[in-house]
Number of protein chains: 2
Amino acid sequence: MDNNQIKNESITRQEDDFAQWYTDVCKKAELMDYSSVKGFIIYRPYGYAIWEQIQNYLDRRFKETGHENVYMPMVIPESLFQREKEHIEGFAPECLIANIGGNAPIDDPLIIRPTSEVLFCDHYQKIIKSYRDLPKLYNQWCSVVRWEKTTRPFLRGAEFLWQEGHTMHETEEEARTEALKMLEVYEDLGRDVLAIPFSTGRKTDKEKFSGALETYSIEALMPDGKALQSGTTHYFGNGFAKAFGIQFQGRDGKLANPYQTSWGVSTRLIGATIMVHGDDNGLVLPPEVAPIQVVVVPVAMNKPGVLTAAREVEKKFKDAGYRVKLDDSDKSPGWKFSEWEMKGVPLRVELGPRDIEKGQIVFAKRNTGEKIICPLDEMIEKANELKKVIQKEMYERAFKYLLEHVTEVRNLDELNAVLDKGGYAKMMWCGERACEDKVKELTTATARCLPFNQIPFADTCPCCGKKAEKVVLFAKAY
Amino acid sequence: MDNNQIKNESITRQEDDFAQWYTDVCKKAELMDYSSVKGFIIYRPYGYAIWEQIQNYLDRRFKETGHENVYMPMVIPESLFQREKEHIEGFAPECLIANIGGNAPIDDPLIIRPTSEVLFCDHYQKIIKSYRDLPKLYNQWCSVVRWEKTTRPFLRGAEFLWQEGHTMHETEEEARTEALKMLEVYEDLGRDVLAIPFSTGRKTDKEKFSGALETYSIEALMPDGKALQSGTTHYFGNGFAKAFGIQFQGRDGKLANPYQTSWGVSTRLIGATIMVHGDDNGLVLPPEVAPIQVVVVPVAMNKPGVLTAAREVEKKFKDAGYRVKLDDSDKSPGWKFSEWEMKGVPLRVELGPRDIEKGQIVFAKRNTGEKIICPLDEMIEKANELKKVIQKEMYERAFKYLLEHVTEVRNLDELNAVLDKGGYAKMMWCGERACEDKVKELTTATARCLPFNQIPFADTCPCCGKKAEKVVLFAKAY
């Protein structure tokens, strides 16, 4: 397998430089490329296809839960953006602003949307009149722009693709339920599609979204011990509704302001998937999100019957609903093996003259390297089984890693030790901002979330020694 | 049907003011709304859902023909845009330009993409090295911005949703074939989905895309006699490839520039669909593109068993794969009839106590108003049949209108008379720009296309009297 080694050398080893390994994989698996526009990347076919799988799953789930897609303008007049003070303050430093249109200056400069709360509110103000108009459950698929100084493929960029849900409700309770329900949809996406176990919980006031009353998040733990915020849902109360004059006549005949949520995940999920599962040979993709689920590699392709047999195998997988590719290029099998390993295809099918003679194929599982010999006529059943097994194994491996990297800490020394090593430090917290700030100062770590349904494991906050009832996960983060 | 009349009154009659009728339908069928950003519209759920149907069809066809989706930055540095002179000259007057990012001026201002040829070329320059890398068949779903002074919903706007295909080929012939093949895909979309017969052909040099060698277009004829350019495909030769230094090593070992195409359709197709099929009661949607294909309206809903029966009917349609809605709101049946007529739902199912007793339902076809009584247990088969019939009737009606509005003209008086009345004037043309300009000056009409496979019906150009071999369609246009 000389070819294989040559291929591997082109990707930095994780233990040598994890950040460089990540960039290598992004580039070499042809997920993205840099563009001539600083900070903006090109989503290449293989990377975009991962996003399409995520979209397919989420779009179906959103529609099943009663949401409708809309499309709002990509620009927001500055004057409109300023209606909600906290919100504009949060976003102002990273706005891209257009002020020339058709060769003439624009009086009210246009901010390229970094998020669309104000546009949705502006529209809702016009179309919501009565409780009969509620709830409004809208979602939008689009890209947003945030003028970031340091960027990394998929993780932080000047432009990224995402979906943003924006909903309006009659009651506080209904809105809060919505924010939590959509968090569950994201958790399902993690478990069932991306094979990523998310830690879920509420953000501290310090870490919540500009303008929100409550922010909930899904956090993924990367192999370098850093957390990656992978999606958020927000409960706004009726603050924006008041700022934008959105009123409805309630069941009691009185005017009231509706309660609002928003929620979003982005192409950052591609970055999470790369890091959580990848290895020194490159990408490892869970079957449910892989653009190519099965790659067929003929061995001794020029021997009579091999290519015909390989084409039949390809067709059977296609007919069975698989995303399958036959690699009939003039490269060597060894080259192809490492190429498709690097691209993370979950299942490889090998098939040569001896296999044909014996009426069999050989499966190779990308995640474990195992090889399984399988009779040709049981191929699809076996693949159906392996697909589930791989998805499960990948999730469980990630889950095990997560469990091993959550450590309860009872004093600042323990906190420091855990955060130094990487992973989550689980700490009792008094709830004071000062203590949260202190942890950051000491360790550079931030509060990732207050996980749901926790049982306190100590009485006092390690920072101030005061009574503590909240359980919080701290970690260094992307 | 008093309710019906009240509803109708809210939409201007076509013969009174076609433009106002159009705007009324766009607003009242809740396809769109105006936003607070001048020239930018909001695509509301019902309008966006039409676009999703178009996307589903085209995305499948694009992938079947070997195309891959990608995503490029939404901004183009001014310096990059200027590499191809004709192209920038064409677009400069309608550019929206951003020059502030993160509170600081941007040295090389960023043009919000009006189209993405230069971004694709910039990327292709990096990834195309050999004939083995060709063809590159990429497509992108996104929105683009063109700073238009006068805008109309879906027809002309500062921002619209579209797809843009950008491909690179080894040979001239292959690229030209691609441009024509994608034109056929658009024609299929018209016939099979939108029920719109497009006139297809090549654009004159005057009317072609900035930077293209050849532009092909699909043109639709509106009921007011004006043509609507509904999509275009372009053959670029290797002009952009040269300007961007895109070179590949050919089969002969020599370096060469690849040949390029691009092609796009946009949410303008929604406007075409509204106008071609709509009537004084509102929208009329072809079943293949309708977000709701079947609406179930219970009559005497409070009578026992009616709502239960209606829910069963809804479920059966859903299980059969229909996009179906049960209207169980507390409005009167008459109100619902006209509401869903206005929204253009192709098939209405009525069902009341007497129908239930007789084991039947009543279908009403939106396009003809016909009512068809049908046994409950034959409902789905009948709907399958009616769906095809409606699609066919709508296409044929539009095709008949088109045929009746193409008139051969042999002199300028005939030309004037035809263009005054509306529709296409089919004229022999010498090929000179001066004569094309003269027609425009006389009539305000433009050359819509040089339709394919035409047999000359006269020898001379009516404008200059010189020898003419080209057949051209002139019309006033949107």
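Anything mentioned here points back to the structure above.
Everything quoted here is computed from the prediction, not taken from an experiment.

## Notes on the relation of the copies chain B and chain A
For these two chains of identical sequence, chain B goes onto chain A by a turn of 180° and a shift of 0.0 Å along the axis, with RMSD 0.0 Å. The superposition of one copy onto the other is thereby described by a two-fold rotation axis. Minimal C-alpha separation from the rotation axis in chain B is found for Ala 98 of chain B, amounting to 1.8 Å. Mapped onto chain A, 100% of the interface residues of chain B again fall at the interface, so both copies present the same surface.

## Some points on the packing of helix H3 (residues 45-64) of chain B against helix H7 (residues 172-194) of chain B
Residue and element names in this part refer to chain B. Viewed as axis vectors pointing N to C, H3 and H7 meet at an angle of 140°, and their least axial separation amounts to 11 Å. On the basis of their axis angle, the class for H3 and H7 is oblique. Here the hand of the crossing between H3 and H7 comes out right-handed. Residues Ile 54, Tyr 57, Leu 58 and Arg 61 of H3 form the contact with H7, whose own contacting residues are Val 185, Leu 189 and Val 193. Broken down by class, the residue content of the contact of H3 with H7 amounts to 6 nonpolar, no polar and 1 charged.

## Remarks on helix H6 (residues 117-127) of chain B
Each turn of an α-helix holds 3.6 residues, which means side chains three or four residues apart point in the same direction. Of all 11 residues in H6 of chain B, 8 are buried; the element is thus mostly enclosed. What H6 of chain B keeps buried is the set Glu 117, Val 118, Leu 119, Phe 120, Cys 121, Asp 122, His 123 and Tyr 124 of chain B.

## With respect to the sheet that holds strand E4 (residues 75-77) of chain A
Sheet architecture is open: 6 strands sit in the order E4(A)-E6(A)-E5(A)-E5(B)-E6(B)-E4(B), paired in antiparallel fashion. The open sheet has two edge strands with one neighbour each: E4 of chain A together with strand E4 (75-77) of chain B. Geometrically, the sheet is characterised by an average inter-axis angle of 45° between neighbouring strands, direction not taken into account. Where strand E5 (residues 96-101) of chain A and strand E6 (residues 104-112) of chain A come together, 4 bridges link them in antiparallel fashion. Paired with Ala 98 of chain A across the bridge in E6 of chain A is Leu 110 of chain A.

## With respect to the pairing of strand E8 (residues 159-169) of chain A
Residue and element names in this part refer to chain A. Of all 11 residues in E8, 10 are buried, a share of seventy percent or more. The sheet contact formed by strand E7 (residues 136-145) and E8 spans 10 bridges and is antiparallel. Within E8, the residue paired with Val 145 across the bridge is Glu 159. As paired strands, E8 and strand E14 (residues 259-266) are joined by 8 bridges and run antiparallel to one another. From the neighbouring strand, Gly 165 faces E14, where its bridge partner is Trp 263.

## Let's talk about the sheet that holds strand E10 (residues 214-221) of chain B
Residues and elements named next belong to chain B. Strands sit in the order E3-E7-E8-E14-E11-E10-E9-E22-E23-E21-E20 across an open sheet of 11 strands; the sheet is mixed. Pairing within the sheet leaves two strands with one partner each, and these edge strands are strand E3 (68-69) and strand E20 (406-409). Where strand E9 (residues 199-202) and strand E22 (residues 446-451) come together, 2 bridges link them in antiparallel fashion. Counterpart to Arg 202 in the pairing with E22 is Leu 450.

## Points about the interface of chain B and chain A
Opposite the 41 residues of chain B that make contact, chain A presents 41 residues. Mapped onto the side of chain B that touches chain A, the elements with two or more residues apiece are strand E2 (41-43), H3, E3, E4, strand E5 (96-101), strand E6 (104-112), H6 and strand E8 (159-169) of chain B. Looking at the side of chain B that touches chain A element by element, the count peaks at 6 residues for E5 of chain B. Split into classes, the residues belonging to the side of chain B that touches chain A amount to 24 nonpolar, 9 polar and 8 charged.

Cut-offs used in this document
- Residues numbered from 1 in each chain as written.
- Chains lettered and ligands numbered in written order.
- Predicted model: local features only at pLDDT ≥ 70, side-chain atom pairs only at ≥ 80, totals over all residues.
- Least-squares fit on C-alpha atoms with pLDDT ≥ 70 in both.
- Contact = placed C-beta atoms within 7 Å.
- Axes fitted to C-alpha atoms, helices over the stretch in contact; angles between N-to-C directions.
- Helix = DSSP H or I, 4+ residues; strand = E, 2+ residues; numbered from the N terminus.
- Parallel < 35°, antiparallel > 145°, perpendicular 65-115°, else oblique.
- Left-handed = near helix turned anticlockwise from the far one by under 90°.
- Nonpolar A, V, L, I, M, F, W, Y, C, P; charged D, E, K, R; others polar.
- Buried ≥ 20, exposed ≤ 12 C-beta atoms within 10 Å, placed from the backbone.
- Pairing = 2+ DSSP bridges.

On their own, these measurements won't tell you what the molecule is for.
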